[in-house]
Amino acid sequence: MMVTMAVPDVTLPPTWFLGDLRLRPLRAGDAPAWLAYLSDPAVIEHTSFPELDLAGVEAMISSQIAGYASGSSCRWALADRSDRLIGTCGFSNWSLPHAHAELVYDLAPAFWRQGLMGSAVGRVIAWAFDTARFNRVHAFVMTSNTPSIRLLESLGFQREGTLQQYRIARGVARDFHVYALLNAR
């Protein structure tokens, strides 16, 4: 089966409103808000995020902004009514020739268990399948990250397997499940 890919225009990703929140492009000014919750050990405990400082978060944002233009990644800021970043959601990398993308997301603890990330992930997946025309979206989830596993499964992702000692998380080799959702549209 031959899959034809339309190259998405990601020089500036779209903005979407999700009730009182919105998904918008990341900006350099988002670094302090992102660092504020990525500095919380509870946030990074079940992830492969390293310990970060402001320069490290600024570099991540610069990389994501460059990824918009190169068509290699697209990560949105989840912003509150005052336009303050409270989370991020999108794709850390993708392959246009192979029609797949890796889903990534994070959220400030004050907003956990409110269904916000489910709405955000649902919106970016719709974009991935309908606009970017990906055939597959996958996510790598530390086996101990029960809330993330529940989120993915609630959105229809299927666990494909476990990758033993797949990523080093703050000096420790950790196991990750790989989840995938295929484009049924």
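Structural data are supplied above this passage.
This text gives an overview of the structure that appears in the document. This is a predicted model, so every value here is computed, not measured. (Residues numbered from 1 in each chain as written. Predicted model: local features only at pLDDT ≥ 70, side-chain atom pairs only at ≥ 80, totals over all residues. Heavy atoms only, no water.)

**Remarks on the side chain of H138**
Defined as follows: Elements are defined by DSSP. Helices are runs of H or I of four residues or more, strands are runs of E of two residues or more, and each kind is numbered from the N terminus. Burial status follows relative accessibility: with a 1.4 Å probe on protein chains alone, a residue under 20% of its type maximum counts as buried, one over 50% as exposed, and anything between as partly exposed.
One can find H138 in strand β6 (residues 136–142). Exposure remark for H138: the relative accessible area of 8% places this residue in the buried category.

**Quick look at helix α1 (residues 31–38)**
To keep things clear, this is the line we draw: Only heavy atoms enter the contact rule, under which two residues are in contact if any of them lie within 4.5 Å.
Among all positions in α1, only A31, W34, L35, Y37 and L38 are buried. Where α1 is buried, its residues meet α2 (41–44), α3 (54–70), β3 (74–79), β4 (85–95) and β5 (100–107).

**A few points about the pattern of salt bridges**
Here is the rule we go by: The salt bridge definition used is simple: a Lys or Arg side-chain nitrogen within 4 Å of an Asp or Glu carboxyl oxygen.
On inspection of all chains with the given rule, the structure shows nine salt bridges. A salt bridge links D20 to R81; the shortest N-O distance between them is 2.8 Å. Of this pair, D20 sits in the loop between β1 (16–18) and β2 (21–25) while R81 sits in the loop between β3 and β4, and the two are 61 residues apart along the sequence. For R136, the salt bridge is made with E160, and the minimal N-O distance between the two is 2.7 Å. Of this pair, R136 sits in strand β6 while E160 sits in strand β7 (residues 158–169); the two residues are 24 residues apart in sequence, bridging distant segments of the chain.

Worth remembering: the numbers are spatial, not functional.
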